[in-house]
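Here are the chains, one letter per residue:
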Protein chains: 2
Amino acid sequence: MAITIHDIAEKAGVSLSTVSRVLSGKAEKYRISRKTQEQVLAVTKALNYHPNKMAQGLRLKKSHSIGLIVPDISNPFFACVTRIIQTTAFEMGYSLIVCNTNEDLATEIAQVELLKSKFIDGFIIMPVGTEYQHLETLVRKKHPLVLLDRCFDELKTHSVVVDNHDGAYRATSHLIACGHEKIAIIQGLPNTYTNSERVRGYLDALRDHGLAVNPQLIVGKDYRRESGYIETKFLLSLKDRPTAIFTTSDLITLGAFQAIAEDQYHIPDDISIVSFDDTDFAPYLMAPLTAVRQPKELMGESAVRLLIEAIDGKAQPEKQRVVLKPQLITRESVKILNSANPAAHSLPGKNHHIL
Amino acid sequence: MAITIHDIAEKAGVSLSTVSRVLSGKAEKYRISRKTQEQVLAVTKALNYHPNKMAQGLRLKKSHSIGLIVPDISNPFFACVTRIIQTTAFEMGYSLIVCNTNEDLATEIAQVELLKSKFIDGFIIMPVGTEYQHLETLVRKKHPLVLLDRCFDELKTHSVVVDNHDGAYRATSHLIACGHEKIAIIQGLPNTYTNSERVRGYLDALRDHGLAVNPQLIVGKDYRRESGYIETKFLLSLKDRPTAIFTTSDLITLGAFQAIAEDQYHIPDDISIVSFDDTDFAPYLMAPLTAVRQPKELMGESAVRLLIEAIDGKAQPEKQRVVLKPQLITRESVKILNSANPAAHSLPGKNHHIL
DNA sequence: TATGTTGGCTCAAACGATTGCGCAAATTTG
DNA sequence: CAAATTTGCGCAATCGTTTGAGCCAACATA
């Protein structure tokens, strides 16, 4: 079959050990003569040897691969983060096993189990976010683990998140600055870290600007397009229609757009939208989207670096939480109601072509 | 450390072999008594044993993981296909190692090398598509391999592709049926299977409808957004502007939209667009997109099934090429110039809400 | 009683690498 | 020239599984 160090040892006239030592750069330590080293290296090259990673892994208890668990790779936000993670990991010598949970807790648990048995060196997990028992097991068993995008305050592990409260606060404040008062929110998965923070940001912004909260305008139950469609339909049907909607993911926004188009409304004239994510297509939608941009590249990179530090034992033992700041990108999906307000003037309308 | 069959053997008072046999369902074959089996199973459960996949893999030369090499996971088309592949593979007991090439051949070669050493059971590759030496090596060494989306006629291996010629032909014919005669194409990566087929479909459609080919209207050099932007800028600057553009990927289309918006043109009034892919966001763009829809689910599923058949040795030894038919989805990005043409009437405008 | 058959399990050699220990030969030291 | 030290490398155990071959007891057959 494939070439092994056996073959090399034989052809080079030395022992297994010697070959292994030369190839793993331990020649100095074990005092292998220069001549022998060259000999071995030559044969290795000649036979086009590639070490068997499974054998290495078994012996060294290290697979040089990390497991990524993501709710939905086809969601452009996650897709982008995944790409960064893959690239960064590859540069650092790791390959990536990708698992999809479809936002389903049972699937997530199954994937974690699967990965555990695969001798993964570490995990990057964007959890569904409602339960964390299975993750606690990982932490207890000292599996290197970085939570990404979503985390649990109770779980003592590294994590990389965006300041969702800040993002939501600014999105909502922007709407208020533009003169909106009846502002709805279509939330994502309730009772999850990310979502709760976004909702909290929304509520805080309303409160800080002296606006009353209308519970009827808080809707939504997951981050998917279908949800955006349904909830927008509902919001549009209200007697006292909101003038603006804060959609908490770009996918929700797509659904909202569909509902709005179907009901023959127009963005932003009839209804304003601020979204969350700012994925690639955001500038090109029926109305170029004002959205909170998540620092996708930074998220992916930080997660990988943190994880690999943890794997190498170089991470601070105190668990770190990296909190990244989002950015509000203003385009044309928000109508300015109160051109009297100076704050509004400086905000949208100018930099439409931020892409 | 972790529990091994050693521990189980000891606690159950039997030998390693017996444990292994019971756990791998070979009890019958090796005549292990029912009592012993239950004994072993009980201890296994009690200790919460999970087999070490590395050791198993080493012994059995099987990792139950497959490698996926994809040009760009963040491209929504590939992202969607990747999700299907992951899900299907998982259902069939395989996990997925994902590699990204960024459409770069050197990276692709590096990734293939990496995966080869990882004891992958098989490959699904969406190649960059300009070279196939490294893939030929895989084929020669009998690595199960399925090419997806793009293939090489010269390479004798399984492949799953879309009938790109047909898709392009129908896209172009649709434009012609709507009365367009000056039709540009923004192609993808030249000299690749997929792209050549699409260009051929475009040319054939023009020819079959008696339209002359204007070489100036054939532009583009890769599938990315930037490319769409630049080429559209160019096309719009021509004295003899085309009335329609066939953009050969949704990403190119985004760039085209940007250029068109920037130059203050309007879709479809000033310029019509037919795209390729029909990703999720296509219906919600500034102009709901008429596009050739690729059967993403079917592509991903077929690729995995074919690969696993090949891994299990159940695939026909003759290499199979699965060719899937695309579908033209008409929305509102194409203007009907000749309302006299009966063919045009029956086509667009009705089913705008295909999502 | 000798012989064959079967049931029920264990032994030990793989798979392909890594590594502590130890053994010769070469070299230095006294 | 003997002893001590260094140089250069090999032996064999190990990682956690799987599996062909073999062994012993019990039972059936002649």
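Because the structure is a prediction, the values reported are computed rather than measured.

> Summarise the overall build of chain A; cite the residues concerned and give the values.
When helices and strands are tallied, chain A shows 13 helices and 12 strands. Expected size for 355 residues packed as a compact globule is a radius of gyration near 20 Å; at 26 Å, chain A overshoots this value by more than 25%. Seen through its principal axes, chain A has C-alpha atoms that stretch 85 × 40 × 35 Å. Within chain A, buried positions represent 55% of all 355 residues. The long-range share in chain A, meaning contacts at least 24 apart out of those at least 6 apart in sequence, stands at 70%. Total accessible area on chain A stands at roughly 15,200 Å², and carbon and sulfur atoms take up 51% of it.

> An account of the pattern of salt bridges is requested, with residue identities and associated values reported.
Using the criterion set out here, one finds 42 salt bridges over all chains in the structure. Close ionic contact of Asp 166 of chain A with Arg 170 of chain A constitutes a salt bridge, the shortest N to O distance being 3.0 Å. On the criterion of helical spacing, the pair formed by Asp 166 of chain A and Arg 170 of chain A is a turn pair, its members being 4 residues apart in helix α8 (residues 164–177). The salt bridge partner of Lys 182 of chain B is Asp 240 of chain B, with a shortest N-O separation of 3.0 Å. A residue pair is termed long-range when its members are at least 10 positions apart, and Lys 182 of chain B in the loop between α8 (164–177) and β6 (183–186) and Asp 240 of chain B in the loop between α10 (225–237) and β8 (244–247) qualify at 58 residues. Residue Lys 182 of chain B is classed as partly exposed on the basis of its relative accessible area of 33%. Taking the relative accessible area as the measure of exposure, Asp 240 of chain B reaches 48% and is therefore partly exposed.

> Give me the lowdown on the protein's contact with DNA strand D, citing residues and values where you can.
Close to DNA strand D lie 30 residues; Thr 18, Ser 33 and Thr 36 of chain A together with Arg 21 and Arg 59 of chain B are nearest. In DNA strand D, the atoms that sit within 4 Å of the protein are 53% sugar and phosphate, with bases accounting for the remainder. At 2.6 Å, a side-chain N or O of Ser 17 of chain A approaches a base nitrogen of DNA strand D. Of all the elements in the fold, those that place two or more residues in the surface near DNA strand D are α2 (16–23) and α4 (53–60) of chain A together with α2 (16–23) and α4 (53–60) of chain B. Per element, the largest residue contribution to the surface near DNA strand D is 4 residues, and it comes from α4 of chain B.

> Break down the interface of chain B and chain A for me, citing the residues and quoting the values.
Across the contact, 49 residues belong to chain B and 49 residues belong to chain A. Together chain B and chain A conceal approximately 4,700 Å² of surface at their shared face, both sides included; 65% is due to carbon and sulfur atoms. On the chain B side of the interface with chain A, the three residues burying the most area are Met 54, Lys 118 and Tyr 284 of chain B, jointly 16% of the side's total. Seen at the junction of chain B and chain A, the total is 4 salt bridges. For Asp 72 of chain A, the salt bridge goes to Arg 83 of chain B, with nearest N and O atoms at 3.4 Å. Here chain B is connected to chain A by 21 residue pairs in polar contact (both at pLDDT 80 or more). Broken down by secondary-structure element, the contributors of at least two residues to the side of chain B that touches chain A are α4, α5 (76–91), β2 (95–100), α6 (105–117) and α11 (250–262) of chain B. Here the residues of the side of chain B that touches chain A sort into 24 nonpolar, 16 polar and 9 charged. Judged from the 3 bridges that link them, strand β2 (residues 95–100) of chain A and β2 of chain B form a sheet pairing that is antiparallel. Paired with Leu 96 of chain A across the bridge in β2 of chain B is Val 98 of chain B.

Scoring rules and cut-offs
- Residues numbered from 1 in each chain as written.
- Chains lettered and ligands numbered in written order.
- Predicted model: local features only at pLDDT ≥ 70, side-chain atom pairs only at ≥ 80, totals over all residues.
- Heavy atoms only, no water.
- Helix = DSSP H or I, 4+ residues; strand = E, 2+ residues; numbered from the N terminus.
- Rg over C-alpha atoms; globule rule 2.2 N^0.38 Å.
- Buried < 20%, exposed > 50% of the residue type's maximum accessible area, 1.4 Å probe, protein only.
- Contact = heavy atoms within 4.5 Å.
- Areas by Shrake-Rupley, 256 points an atom, 1.4 Å probe, with all protein chains shown as cover.
- Salt bridge = Lys/Arg side-chain N within 4 Å of Asp/Glu carboxyl O.
- Near = heavy atom within 4 Å.
- Polar contact = N/O pair within 3.5 Å; in protein donor to acceptor, adjacent residues only side chain to side chain.
- Buried area = accessible area lost by both parts, 1.4 Å probe.
- Nonpolar A, V, L, I, M, F, W, Y, C, P; charged D, E, K, R; others polar.
- Pairing = 2+ DSSP bridges.

Interpretation in functional terms is not warranted from these geometric data alone.
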